[in-house]
Every structure is written in C-alpha cells, then in structure tokens.
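# Inside the fold
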Amino acid sequence: MEFQEYLHTLRVWDVELPQFDPEAAPDEPVALFQEWLMHAGRAGQAEPHTMSLATVDADGLPDVRTVMLHGADAGGFWFGSHSSSAKGRQLAACPAGALGFYWPAVGRQVRVRGAVRPSGADAGQADLHARSTGALAAALVGRQSEVLGSLDELAAASERAWARAEVAPDAPVPSWTLYALDPVEVEFFQGDARRRHVRLRYRREGAGWVRELLWP
C-alpha cells in the first residue's frame, strides 16, 4: 500500500502550461513538431529529442525502448540502430513503428505512427560518424541485445572500442543503420490543468494531410 499511496501523492504539470491554438497550426505536421521540440528544450525540458520507439516482435507482441531522434524532415523521423539488434530484426520482419515524445516541462506529447525503412549504407555511416566518440565506441562494441556474460566482459570490450574510436574516428560499423519512420498519423497533445486537453491529429490522405481534433 505504501507504493500505491505514494503514487497518489504525485502531481503533474506544476508549471504554467503554454497555450495551443490548433486553428493556427500549419498544414503539415513536421513544421509544428520542430517548433514544439525546440520550444520544449528552451523551456528547460531535458533531452527533448529522446523518444519511445515501439515495434512488434515475431510473436506479435509490442516492444518499446527509448532512443534518440536524429532528425525530422520531409523524409521522415530519423533514428539509428544496429540492424542486428532486437529492434533492427523486428523492423526487418515488420517494417512499421510508433514514436512517443513526452515533454512534461510544457505538458506536451507527440505521437507518430507509420512505416519504417532503412536508409543506404552510406547514410548510416555518415550518421554514425557525425556523432560523438562515445557513440562510435558504443557502436563498435556492437552485440546489442545479446546475452552478456558479465560486466567485466562489457568493460573490456568497451575499453577496446573506445581506444579504436579515438584513433580511427571514421572506423566503419557495417551493422549501423539509419532508419526513417514515414508518418501516416501524427498527434499533438497539449495538456490543460482542468483536463480540457487539446489533441490535434494529422492523418495522411493521398499526398496531403487531414487535420482533426480528438476528444481528450
């Protein structure tokens, strides 16, 4: 009961929430998403580019994890991973996914659904080598989602990978892949202290987008 009682003490959005006028929203969702992410970061939200990525495994069970957004433009919402990882294998078998962003500093969420496609090898390597030495070292370790024998084994592999990343910043990692989620639905949620939340959904229709409000 202590845990349940603790949950009841928690509050959300103890800040002044921004206003959102859906009538003034742009005709397509990417411009609004870029605006909201930058607004969240400037309002003090830590790591606004972190997102939940949901996929489906071979048994039809959903799987979710937190990853970093590498870009959002007309080509889609971009993220990177090893093609040999659990999510890489799941996306190869069922190339669809969903993204979730939550920015409690401003009481906003964004949900994205659509097909996922891998980019070419050159784009994947360019994405990796544009990132930090630590990111390259982690990629060089590889074996993501495999069973680990011990933390000592990880430490040794990590030390070797860091050493290589520092002397060879262009070291290739063939399994590293840049993925793009091509959205068919993007929902923007603005929280309201009186629970009159504003939900605006963009739904792809042909070459354009339909905008519609949703009940909270």
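Below you will find a few notes about this structure. (Residues numbered from 1 in each chain as written. Predicted model: local features only at pLDDT ≥ 70, side-chain atom pairs only at ≥ 80, totals over all residues. Heavy atoms only, no water.)

## What to know about the pattern of salt bridges
- Evaluation of the coordinates by the stated rule reveals 10 salt bridges.
- As a salt-bridge pair, Glu-146 and Arg-143 come within 2.9 Å of each other at their nearest N and O atoms.
- The closest approach of N and O atoms between Arg-204 and Asp-182, which form a salt bridge, is 3.6 Å. Placement of the pair is Arg-204 in strand 8 (residues 198-205) and Asp-182 in strand 7 (residues 176-190), with a sequence separation of 22 residues.
- Exposure remark for Asp-182: the relative accessible area of 31% places this residue in the partly exposed category. (Salt bridge = Lys/Arg side-chain N within 4 Å of Asp/Glu carboxyl O. Helix = DSSP H or I, 4+ residues; strand = E, 2+ residues; numbered from the N terminus. Buried < 20%, exposed > 50% of the residue type's maximum accessible area, 1.4 Å probe, protein only.)

## A word on the nonpolar core
- Residues Phe-33, Trp-103 and Val-110 are the most contacted members of the largest nonpolar core, which totals 28 residues.
- Of all the elements in the fold, those that place two or more residues in this core are helix 2 (29-42), strand 1 (50-56), strand 4 (76-82), strand 5 (96-103), strand 6 (108-118), strand 7 and strand 8.
- Leu-128, Ala-137, Val-173 and Trp-176 belong to the second largest nonpolar core, which has 10 residues in total. (Core = buried A, V, L, I, M, F, W, Y, C linked by side-chain atoms within 4.5 Å.)

## With respect to helix 6 (residues 151-167)
- Helix length check: helix 6 (17 residues) gives 25 Å between terminal C-alpha atoms against 24 Å at 1.5 Å per residue, within 8%.
- Tucked inside the fold, the buried residues of helix 6 contact helix 5 (133-141). (Expected span 1.5 Å × (residues − 1). Contact = heavy atoms within 4.5 Å.)

## So, unusual backbone geometry
- Of note, the phi angle at Arg-143 is positive, near 60°, even though the residue is not glycine.
- Mapped onto the elements of the fold, Arg-143 is located in the loop between helix 5 and helix 6.

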